[in-house]
Every structure is written in C-alpha cells, then in structure tokens.
Amino acid sequence: FVPFLVPYLHDSPGPWPVMLVIPGGGYCFVSPTEGEPVAKRFYDEGYNAFVLTYTVNPLGNAPLGLQPLQDIARAVRLIRSRAGEFCIDPGRLAVCGFSAGGHLAASLCVHHGDVEDKDPRYREISARPDAAVLSYPVITSGALAHRGSFDALLGPDACQQELDYMSLENHVTAHTPPCFLWQTMEDGAVPVENSYLFAGACQAKGAPYAHHVFTRGQHGLSLADESWLAGEFGEPYTMAQSAALRDQVQAGQVPGVAPEAMDGYFAPPGEADPAYRAKLERDCAQVRVWPQLAAAWLAE
C-alpha cells in the first residue's frame, strides 16, 4: 500500500493555513465520503487542504501497527517542508480526522514525539499538528472501544502494552495540540463516550479543547450536507488501491486469499426507506453546523 496526498490549493500566494483531512474506515479502507468533500469545505473556509490516503489493509490478514501513524507524520512533515511551494503557513497546520481517521489524527496529537523519520529531508521537521478536529473519533481501546479498528491496527491478539499505547485518552498532556471534538449521542458504531474520554483528559491536563455532542445522528455523517444526503461524495481516489487489491483477489492473484474474500466490498448502499430518509434529514439539519463551528474555533 502506497500512501498519498491529494492537494486543494488556492491560486493566490497566501500564506494559507493548512487542513490535512484524514478519512475514516476502521483502518480497513479510506472512506471517500470524508475525503474530497471535507477538503473542499475547508478550502472554502480559507484553507489550503490536503487529503491523506494512509495505509490500510482490507484483508485484515496482518496488523498495521505503527505504519498509519508513520504515514500521517510523514504527510505533516512533507507539507511543512514544501511550505513555499504550497503557499502555506507551516505554523498553522491542523488535522481533521473522522472515526478511525480521528484516532489516527489524535494519535499524532499525543504521540508525535515518538515518530522518527528515517529520511534526512524530513527528520528535523516537526510532526506535531497545531490543532486537530476530531469527528466522531475512535479513542479508547478499553471497554468502549470500536474493536474492529483496533483489530485492524494491532491484531486481535494485541498485548496490553500495545492497546494501552493506542488508548489515546491516557496520553494527553498539557502540550497536546488544541482539539475540537464532535460526535452524536446516537452513534451506534463508536460510543459517544470515546469523545468524552478524550475531552475529559484534555480538561484534566489543561490542554485547550472544544467539545460538541449533538443529540441525534448516526455514525459517519461527514459534512451532513445536501450532497452527503444525495450520495455525492466527490472523486473516490481514496479507494483506488483497495479496488486494485479487490481485482487481484477476485482474479486469484493473491496467494492464500479466497477469490470471494472481497465480494461486496464496494457494494452501493440500498435505497433508504422514506422514514429513515426523513430521520437522516432531521439529523443532518442539526449536525451540519459542525464545520462552521470548527472553523470559528480554529480562527481564535
């Protein structure tokens, strides 16, 4: 898997603040619903934006370990190293992560000092974000964990030391970057307590934060705007390598993996019944303010 960045850059010289968007997907895929649309929204808010497609493993046949964390740290360092070319302010770089991407963004917030880069071009450049937006984030590896994310990241037989390291509420300090968190009470995939745990740790350690919890809404609402409701998610480039892997698997070209292992991996969602559609519209009407709230908070 080769991680990559897709930029959304203003023509005028700036320097612009940066938003590095980290889509979710349970560390098994990189969701296009939280990629290009989010980058374009923050572009409209006055950011030069980037979407990171980081290392995932759709087959789940080996734990990812620290590779995604190394990917996001390299992305931050690469962007800062080319600040002039990208017309950005390297001291105003925020990360915006969703679900497992929120876990990855928050991992960088608390563990950035642990990630060394072997490439001398990036070794001395800071990987610490200046701020983070954590959207319905996976945080804890404890009783309230989204277990699938940790199985993909660390494997189902991870030792307690590994789980503790990736239970991020335990690693917040006064030097953790300012964090804006939002989630919904009804989130049935990542319990809302995940964001409470991280916000509580920020409160206890004196790290700046904002925390918004919306009454209604399912997991994965992304921007919760009309385009999301219509299923318009922009270019699906975040799924390109997963699609190539699916094709190889179905052609019998991946040893030890059954050709049907990824059947249905890209199945389109079914048509929502009218009652469910009406509920989604009500939920989105409440939740869709979050980018505006985040942008106002980041501007302070």
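Note: the structure precedes this text.
Residues numbered from 1 in each chain as written. Predicted model: local features only at pLDDT ≥ 70, side-chain atom pairs only at ≥ 80, totals over all residues. Heavy atoms only, no water.

### Regarding the pairing of strand β3 (residues 48–53)
- Along β3, six of the six residues are buried, which leaves the element largely enclosed by surrounding structure.
- Every second residue of β3 is oriented toward a common face, with Asn48, Phe50 and Leu52 on one face and Ala49, Val51 and Thr53 on the other, all of them buried.
- One ladder, built from four bridges, connects strand β2 (residues 16–22) with β3; its direction is parallel. In the sheet register, methionine 19 faces β3, and the bridge partner there is alanine 49. (Buried < 20%, exposed > 50% of the residue type's maximum accessible area, 1.4 Å probe, protein only. Helix = DSSP H or I, 4+ residues; strand = E, 2+ residues; numbered from the N terminus. Pairing = 2+ DSSP bridges.)

### Remarks on the packing of helix α2 (residues 67–81) against helix α4 (residues 100–111)
- α4 packs onto α2 with a crossing angle of 75 degrees between their chain directions and a minimal axis gap of 10 Å. Comparing their axes, α4 and α2 come out roughly perpendicular. Across the interface between the two elements, Pro68, Leu69, Ile72, Ala73 and Val76 from α2 touch Leu104, Ala105, Ser107, Leu108 and His111 from α4.
- Classifying every residue of the contact of α2 with α4 by side-chain character gives eight nonpolar, two polar and no charged. (Axes fitted to C-alpha atoms, helices over the stretch in contact; angles between N-to-C directions. Parallel < 35°, antiparallel > 145°, perpendicular 65-115°, else oblique. Contact = heavy atoms within 4.5 Å. Nonpolar A, V, L, I, M, F, W, Y, C, P; charged D, E, K, R; others polar.)

### Considerations on helix α11 (residues 290–299)
- Within the sequence span of α11, burial applies to Trp290, Pro291, Ala294, Ala295, Trp297 and Leu298. The buried side chains of α11 occupy one side of the element, clustering within an arc of 165 degrees when seen end-on. Residues Gln292 and Ala299 are exposed on α11 and point more than 90 degrees away from its buried face. (Arc of directions from axis to C-beta.)

### Some details on helix α10 (residues 274–287)
- Spanning 14 residues, α10 covers 20 Å between terminal C-alpha atoms, matching the ideal 20 Å at 1.5 Å per step.
- The complete set of buried residues in α10 reads Leu280, Asp283, Cys284 and Val287. Projected down its long axis, α10 carries its buried residues within an arc of 100 degrees, all on one side. Exposed residues pointing more than 90 degrees away from the buried face of α10 are listed as Pro274 and Ala275.
- The inward-facing, buried residues of α10 abut β6 (179–184), β7 (209–214), α8 (226–229) and α11. (Expected span 1.5 Å × (residues − 1).)

### Thoughts on the environment of glutamine 248
- Checked against the element boundaries, glutamine 248 lands in helix α9 (residues 240–250).
- For glutamine 248, a relative accessible area of 38% corresponds to the partly exposed category.
- Separated by 11 residues in sequence, glutamine 248 and proline 259 place their C-alpha atoms 8.5 Å apart.
- Aside from chain neighbours lying at most four places away, what touches glutamine 248 is Gln253 and Val254.

### A closer look at unusual backbone geometry
- Following glycine 14, the chain continues into proline 15 via a peptide bond in cis, with omega recorded as 10 degrees.
- Considering the arrangement of structural elements, one finds proline 15 in the loop between β1 (4–8) and β2.
- Even without being a glycine, tyrosine 27 presents a positive backbone phi close to 60 degrees.
- Its place among the elements puts tyrosine 27 in the loop between β2 and α1 (36–44).
- Note on tyrosine 27: relative accessible area 1%, which makes it buried.

### Description of the pattern of salt bridges
- Scanning all chains against the criterion turns up 12 salt bridges.
- Its salt-bridge partner being glutamate 36, residue lysine 40 comes within 3.6 Å of it at the nearest N-O pair. Taken together, the residues lysine 40 and glutamate 36, both in helix α1 and four residues apart, mark about one turn of the helix.
- With its nearest N and O atoms 3.0 Å apart, the salt bridge here joins glutamate 281 to arginine 277. (Salt bridge = Lys/Arg side-chain N within 4 Å of Asp/Glu carboxyl O.)

### Regarding the environment of glutamate 193
- Its place among the elements puts glutamate 193 in helix α7 (residues 193–205).
- A relative accessible area of 36% places glutamate 193 in the partly exposed class.
- Measuring from C-alpha to C-alpha, the distance between glutamate 193 and aspartate 114 comes to 26 Å, with 79 residues separating the pair along the chain.

### Examining the sheet that holds β6
- Spatially, seven strands are ordered β1-β3-β2-β4-β5-β6-β7 in an open sheet, and the strand pairing comes out mixed. Two strands close off the open sheet at either side, each with one partner strand: β1 and β7. Here the strands of the sheet are splayed against their neighbours by 15 degrees on average, with no regard to which way each runs.
- In terms of strand pairing, strand β5 (residues 131–135) meets β6 through four bridges, oriented parallel. The partner of alanine 132 across the bridge, within β6, is cysteine 179.

### Description of the nonpolar core
- Within the largest apolar cluster, 54 residues are counted, with the highest numbers of intra-cluster contacts made by Leu20, Tyr27, Tyr54, Ile72, Ile79, Leu134 and Phe198.
- Apart from residues lying up to four places away in sequence, leucine 134 is in contact with Gly97, Gly102, Ala105, Ala106, Cys179, Phe180, Leu181, Trp182 and Phe198.
- The next biggest cluster of nonpolar side chains, apart from the first, holds 33 residues, and it includes Met19, Val21, Ala224 and Trp228. (Core = buried A, V, L, I, M, F, W, Y, C linked by side-chain atoms within 4.5 Å.)

In short, geometric facts, not functional conclusions.
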